[in-house]
Amino acid sequence: MKQIIRLLISGLLGALVLPVLDPGAMAAQEKVKVVSSLPNMGSIASAIAGDKVDLTVIASGTQDAHFVDPKPSYIVKLRKADLILVNGLDLEIGWIPPLTQGARTARLMPGGPGYIDCSTGIRVVEVPLSLSRTEGDVHPYGNPHYLTDPLNAEIVAGTITEALKRVDSASAQAYEEGRRAFVRQLHEALFGKELVNLAGGAKLSREAMAGTLDSFLDTTNIGGAPLRSHLGGWLGKMQAVKGKPVMTYHKDYSYFADRFGIRVVDYVEPKPGIQPSAKHLEDLVVRLKQGDITLLLTRPYVEHRSTDYLSERAGVKVLTLPIEVGGAPEATDYFRLFDYVTDQIVKALGGGAPAGGR
Ligand SMILES: [Zn+2]
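Residues numbered from 1 in each chain as written. Predicted model: local features only at pLDDT ≥ 70, side-chain atom pairs only at ≥ 80, totals over all residues. Heavy atoms only, no water.

A few words on helix α15 (residues 334-348). In this model α15 runs 21 Å from its N-terminal to its C-terminal C-alpha over 15 residues, within 8% of the 21 Å that 1.5 Å per residue would give. The buried fraction of α15 amounts to 11 of the 15 residues, a majority that puts the element mostly inside the structure. Among the residues of α15, Tyr 334, Phe 335, Leu 337, Phe 338, Tyr 340, Val 341, Thr 342, Gln 344, Ile 345, Val 346 and Ala 348 are the ones counted as buried. You can read the cap of α15 off the contacts: a side-chain oxygen lies 3.0 Å from the backbone nitrogen of Phe 335, and it is on Asp 333. Remark: Gly 350 follows α15 within two positions and exhibits a positive phi of approximately 60°. (Helix = DSSP H or I, 4+ residues; strand = E, 2+ residues; numbered from the N terminus. Expected span 1.5 Å × (residues − 1). Buried < 20%, exposed > 50% of the residue type's maximum accessible area, 1.4 Å probe, protein only. Polar contact = N/O pair within 3.5 Å; in protein donor to acceptor, adjacent residues only side chain to side chain.)

Moving on, we come to the sheet that holds strand β7 (residues 245-248). On the basis of which strands lie adjacent, the open sheet formed by four strands has the order β8-β7-β9-β10 and parallel pairing. Two strands lie at the open edges of the sheet, namely β8 (263-267) and β10 (317-320), each paired on one side alone. Between one strand axis and the next, the sheet turns by 35° as a mean value, whatever way the strands run. Sheet topology note: the strand β9 (residues 295-298)/β10 ladder contains four bridges and is parallel. In the strand pairing of β10, Leu 295 is matched with Lys 317. With respect to the sheet, α15 is in contact with β9 and β10, its orientation differing from that of β10 by roughly 175°. (Pairing = 2+ DSSP bridges. Axes fitted to C-alpha atoms, helices over the stretch in contact; angles between N-to-C directions. Contact = heavy atoms within 4.5 Å.)

Turning next to the coordination of the zinc ion. For the zinc ion, the protein coordination sphere consists of His 66 (NE2), His 139 (NE2), His 145 (NE2) and His 250 (NE2), at 2.0 Å. Around the zinc ion, the four donor atoms sit at angles spanning 107 to 114°, and that spread fits a shape best called tetrahedral. Each donor residue of the zinc ion belongs to the same chain, and together they define the spacing H-x72-H-x5-H-x104-H. Of this pair, His 66 sits in the loop between β2 (53-57) and α4 (73-80) while His 139 sits in the loop between β4 (115-117) and α6 (150-167), placing them 73 residues apart in sequence. With a relative accessible area of 6%, His 66 lands in the buried category. (Donors = N, O, S within 2.8 Å, 3.2 Å for Na, K, Ca; no water. Tetrahedral: all angles 85-135°; square planar, octahedral: opposite > 155°, others 65-115°.)

This part is about the side chain of Thr 105. One can find Thr 105 in the loop between α5 (96-103) and β4. In this structure Thr 105 touches Arg 79 and Thr 100, once residues within four positions along its chain are discounted.

This part takes up the environment of Cys 118. Among the secondary structure elements, Cys 118 is positioned in the loop between β4 and α6. In this structure the C-alpha to C-alpha distance between Cys 118 and Met 41, which are 77 residues apart in sequence, comes to 8.1 Å. Other than its neighbours up to four places away in sequence, Cys 118 contacts Met 41, Leu 85, Val 86, Asn 87, Tyr 146, Val 156 and Ile 160.

Of all hydrophobic cores here, the largest spans 86 residues; its most connected members are Ile 44, Leu 164, Phe 182, Phe 191 and Tyr 334. Top element by residues in this core is α15. It accounts for nine residues. Beyond its immediate chain neighbours, meaning those up to four positions away, Phe 191 contacts Leu 151, Val 196, Gly 201, Leu 204, Ser 205, Ala 208, Leu 213, His 230, Leu 231, Gly 232, Gly 233 and Leu 235. Membership of the second largest hydrophobic core comes to 12 residues, among which are Leu 284, Ile 293, Leu 296 and Val 302. (Core = buried A, V, L, I, M, F, W, Y, C linked by side-chain atoms within 4.5 Å.)

Spatially, the four strands line up as an open sheet ordered β2-β1-β3-β4, and their pairing is parallel. The open sheet is flanked by β2 and β4, the only strands paired with a single partner. Sheet twist, expressed as the mean angle between neighbouring strand axes with direction ignored, is 20°. Of the pairings in the sheet, the one linking strand β1 (residues 32-36) to strand β3 (residues 83-86) comprises three bridges and is parallel in character. Of the residues in β3, the one forming a bridge with Val 34 is Leu 83.

In structure tokens:
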């Protein structure tokens, strides 16, 4: 009994005295608690804020982002969170609403100050003329896989930085510096360091976003040579396979294809989220036998029966690649993800020889 009283007293004293004694030290130790639905956004937040955030990522990179199990343990995490980062465009429609509703925290509900929809400011492609989930289409607001284009990560980094500044204004400058360093690293990884030094990352990013990068590189001369001769990074590497046609399982490489100049000409799924019928597979065999498509890109979490069948019947090469950090052991962060994916695609498409001969 005495012990209990002593514990109660010390507990009360601790609660009363500690904040008074050293409020600054406590506040400094307090990290911003961020929950990210998916690993790519988590990786970007981590690159910007480093150890200023306590980060929890719900889905792993080996899970299908459309279909994740909303485990109740995440509700507990969410209740304590300052921010929740979501991909948006209804990608997480089946699993984020049950978690935010379970957490019953107003600031983390859609529209609340802690609910950060990272699709804000993204130029969404494949937006249907009318909203429809006909036959289970899982892309009712357009293609939600925008982080397969690294330049969209620049926009997402801006969104996340603004959110961090709002909840932790004391570190606003550190977040801004973190964002700038991330964007600089992103530009160098995408365009190559040499080209960024010559033309400036912001200029290159603007040209690429406007779809005018090619003409800018070809018509701008520096030291007697067009800027294109300085192109490096992921884009430089992917020049070898530019224009080549591929098939993908799901419609999740549209932004990637636009950025890197490969062409996605057909899909194993007849509609996003719908498995192929036998008839659809036969149509794909006929299509593949035309011979121009040599590569089929699929994901670790989708069924392999259809792709095995297509490989067997039509001889197409099947490559399983991640689109999220952690989807392959090599993809340890957002940069390593693109290092790995671009390496694999160039290798598989035989980028060494220019199209049309030796
Ligand atoms: Zn999808």
